[in-house]
Amino acid sequence: MHDLLTELFPYNRSITGDGVRKTLSRIGQEIPILETRVKSGTEVFDWTVPLEWNVKSAKIYGPDGSTIVDFDHNNLLLMSYSIAVDEFMPLERLKEHIISDQTRPDSIPYSTSYYKDAWAFCLPFSFVEKLPEGEYRVVIDSTKEQGELIYGEAYIDNQSNKTVLISSYICHPSMANDSLSGVVLAVELFKEISRLKNLKYNYRFLFAPETIGTICFLHKNRKTIKQSVEYGLVATCVGDAGQFTYKKSRTPNSDINRIIEHIFVQKGLNDRIRNFSPLGSDERQYCSPGFNLDVGVLTKSTYGQFPEYHTNEDNLDFVSEASLRESLNMYTQVLLSYEANCRYARIQPYCEPQLGKYHLYRTTGGGGEDNLDTILQQRMWVLNYADGETDLIKVATLSGFDILDLKSVADELSRKNLIEEIKYD
Ligand code: ZN
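Residues numbered from 1 in each chain as written. Predicted model: local features only at pLDDT ≥ 70, side-chain atom pairs only at ≥ 80, totals over all residues. Heavy atoms only, no water.

1. A closer look at the nonpolar core
Formed by 74 residues in total, the largest nonpolar core has its most connected members in Ile166, Tyr203, Phe205, Phe207, Leu233, Phe264 and Leu298. Element by element, the count of residues in this core is highest for helix H5 (residues 176-195), at 10 residues. Not counting the four nearest positions on each side in its chain, phenylalanine 207 is found in contact with Leu24, Ile27, Ile31, Ile33, Tyr151, Gly152, Ala154, Ser168, Ile170, Val183, Ala186 and Val187. If you look at the next biggest cluster of nonpolar residues, it comprises 59 residues, including Met89, Leu94, Ile108 and Ile215. (Core = buried A, V, L, I, M, F, W, Y, C linked by side-chain atoms within 4.5 Å. Buried < 20%, exposed > 50% of the residue type's maximum accessible area, 1.4 Å probe, protein only. Helix = DSSP H or I, 4+ residues; strand = E, 2+ residues; numbered from the N terminus. Contact = heavy atoms within 4.5 Å.)

As structure tokens, this is what we get:
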């Protein structure tokens, strides 16, 4: 994952343009990607797809004529969607077009102006402070013209009428944890999930420019998405060394919220669960009132909460293969736990079955409850709550056992015809 991230890192991504094109075609070498192209000017709900933006070069020349800032060194140096400029100007005027952050004086801040014609350079405050008075020349060779917005999807069809959505965004230039870590995790997760058999749900992976790309995706699928999406997760900020964080979907007691809460409690991460808020990433669109999909956000350190966020310090050293792997395992556990969740009913619900008859009980009786071995305890829990109403995640929460362990016990009890799964759509 870190190797792919390293390759994608330098591309000049934005919400449109060649950086997005290159990113999608590189992902397409890993997994099958279906691209959707939306023309500039297309109206999607209250939004209009902007002109396509590309940059050839962007430089600031100092009073002595030497190059002092060069976009080729780091694409964060130029504000995304900066319009073309070729002008001389005094320092005072240049400073009106410089964005810097006094609180992180040595970092390049990330900035964009997608919907308003403007230009700016994003520079470390410590660098700007030292600029001498004089005449500067700014040359930005960029284009904003009729083009397209592109997003990609990868799909695993398990012949279900319900789909799990894994959403990542491909609009951030050279930053590693925000945006790209989620992209490479989604690619790897796709590979893992496509190897598994007998899954209940289809899996749809979205690689779209944040906000406007997701709005295009939702607009295109507006008639079917509410019916088809079982739940979803926004994958971003999954490569740093921080603790996991889960931001709930908008419906507090949705199944995905309950399942991730169960997993977090087991791992001692109870205090890392956040309620939904309409601020953040693409969950803002998924959880808008018209859709209100069960989409949560599963990250390590959350966006906005780590000091390197939206600066050039969110770089290749800030993320590691080990952290990406931890996140991949967490995502896989969530997906499989959700797959495992279902309701059971006892075939004959009066009293306990005589488990010995089914070779499900140890042969010597006696001993207290504490001596019952773990699997036997799990059988008792599953049998008792096979009431047709309680789902397995609830049993897991009540008993403290892992849902995946309870599922294998339930499978065995089903094979012995003691319980049956309640099917509902
Ligand atoms: Zn961001």
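2. Digging into the pairing of strand S11 (residues 163-169)
Burial within S11 is extensive, with 7 of its 7 residues counted as buried. Of the two faces of S11, the one lined by Thr163, Leu165, Ser167 and Tyr169 and the one lined by Val164, Ile166 and Ser168 are each fully buried. Sheet topology places S11 next to strand S12 (residues 202-208); 7 bridges connect them, and they run parallel. Bridge pairing in S12 places valine 164 opposite tyrosine 203. Handedness of the crossover joining S11 and S12 through H5: right-handed. Taken together, the 5 bridges between S11 and strand S13 (residues 229-235) define a ladder with parallel strand orientation. Along S13, the bridge assignment pairs valine 164 with tyrosine 231. (Pairing = 2+ DSSP bridges. Right-handed = clockwise from strand over helix to strand, strands pointing away.)

3. With respect to the packing of helix H8 (residues 255-266) against helix H10 (residues 321-340)
Between H8 and H10, the least distance of the axes is 10 Å, while the angle of their chain directions is 125°. Regarding the angle of H8 to H10, the classification is oblique. Taken as a pair, H8 and H10 cross one another with a handedness that is right-handed. Residue-level contacts link Asp255, Ile256, Ile259, Ile260, Ile263, Phe264 and Gln266 of H8 to Met330, Gln333, Val334, Ser337 and Tyr338 of H10. (Axes fitted to C-alpha atoms, helices over the stretch in contact; angles between N-to-C directions. Parallel < 35°, antiparallel > 145°, perpendicular 65-115°, else oblique. Left-handed = near helix turned anticlockwise from the far one by under 90°.)

4. Some details on the sheet that holds S13
If you walk across this open sheet you meet the 8 strands as S1-S10-S12-S11-S13-S16-S14-S15, and the pairing is mixed. The sheet is open, and its two borders are formed by strand S1 (34-39) and strand S15 (273-274), each paired with just one other strand. Each of S1, strand S10 (148-156) and S12 is contacted by helix H2 (residues 18-27), which is oriented at about 15° to S10, the strand it contacts most. Helix-sheet contacts for H8 involve S13, strand S14 (245-247), S15 and strand S16 (295-299), and the interaxial angle to S14 is about 160°.

5. Structural notes on the pattern of salt bridges
Taken as a whole and judged by the stated rule, the model has 23 salt bridges. Between lysine 248 and glutamate 261 there is a salt bridge; the shortest N-O distance is 3.9 Å. Here the residue lysine 248 occupies a position in the loop between S14 and H8, and glutamate 261 occupies one in helix H8, the gap between them amounting to 13 residues. The class for lysine 248 is buried, based on a relative accessible area of 12%. (Salt bridge = Lys/Arg side-chain N within 4 Å of Asp/Glu carboxyl O.)

6. Digging into the coordination of the zinc ion
Every protein donor of the zinc ion is listed here as His172 (NE2), Asp178 (OD) and His310 (NE2), and their distances to the metal cover 2.0 to 2.1 Å. For the zinc ion, all donor residues lie on one chain, and their spacing in sequence is H-x5-D-x131-H. Within this pair, whereas histidine 172 is found in the loop between S11 and H5, its partner histidine 310 is found in the loop between S16 and H10, the two being separated by 138 residues in sequence. When its relative accessible area of 3% is taken as the criterion, histidine 172 is described as buried. For histidine 310, a relative accessible area of 23% puts it in the partly exposed group. (Donors = N, O, S within 2.8 Å, 3.2 Å for Na, K, Ca; no water.)

7. Quick look at the packing of aromatic side chains
The final tally for this structure, using the stated rule, is 14 aromatic pairs. Measuring from centroid to centroid gives 6.0 Å for phenylalanine 45 and phenylalanine 291, while their planes differ by 70°, and the two rings are edge-to-face. Taken together, the residues span a long stretch of sequence, with phenylalanine 45 in the loop between strand S2 (43-44) and strand S3 (47-48) and phenylalanine 291 in the loop between helix H9 (283-286) and S16 at a distance of 246 residues. With relative accessibility at 43%, the residue phenylalanine 45 sits in the partly exposed group. Between tyrosine 151 and phenylalanine 217, the ring centres sit 5.9 Å apart and the planes meet at 90°, which makes this aromatic pair edge-to-face. Placement of the pair is tyrosine 151 in strand S10 and phenylalanine 217 in helix H6 (residues 212-220), with a sequence separation of 66 residues. The burial state of tyrosine 151 is the same as that of phenylalanine 217; both residues are buried. Ring pairing ties together the aromatic residues Trp47, Trp53, Tyr81, Tyr114 and Tyr115, which thus form one cluster. For the cation-ring pair, lysine 247 lies above phenylalanine 276, with the distance from its terminal atom to the ring centre recorded as 5.4 Å. The lysine or arginine in question, lysine 300, covers the ring of phenylalanine 244, its NZ or CZ lying 5.1 Å from the ring centre. (Phe/Tyr/Trp six-rings, centres within 6.5 Å; stacked < 30°, edge-to-face > 60°. Lys NZ or Arg CZ within 6 Å of the ring centre and 35° of its normal.)

8. A short note on the packing of H10 against helix H13 (residues 403-415)
The contact between H10 and H13 brings their axes to 9 Å, and the two run at 35°. The two elements H10 and H13 meet at a crossing, and its hand is left-handed. Contacts from Leu336, Ser337 and Ala340 of H10 reach H13 at Ile403, Leu404 and Lys407. Looking at the contact of H10 with H13 residue by residue, the classes come out as 4 nonpolar, 1 polar and 1 charged. (Nonpolar A, V, L, I, M, F, W, Y, C, P; charged D, E, K, R; others polar.)

9. Details of the side chain of lysine 247
Structurally, lysine 247 can be placed in strand S14. With near-sequence residues (within four places) excluded, lysine 247 lies in contact with Arg274, Asn275, Phe276, Ser277, Leu279, Gly280, Glu283, Gly296, Val297 and Tyr303.

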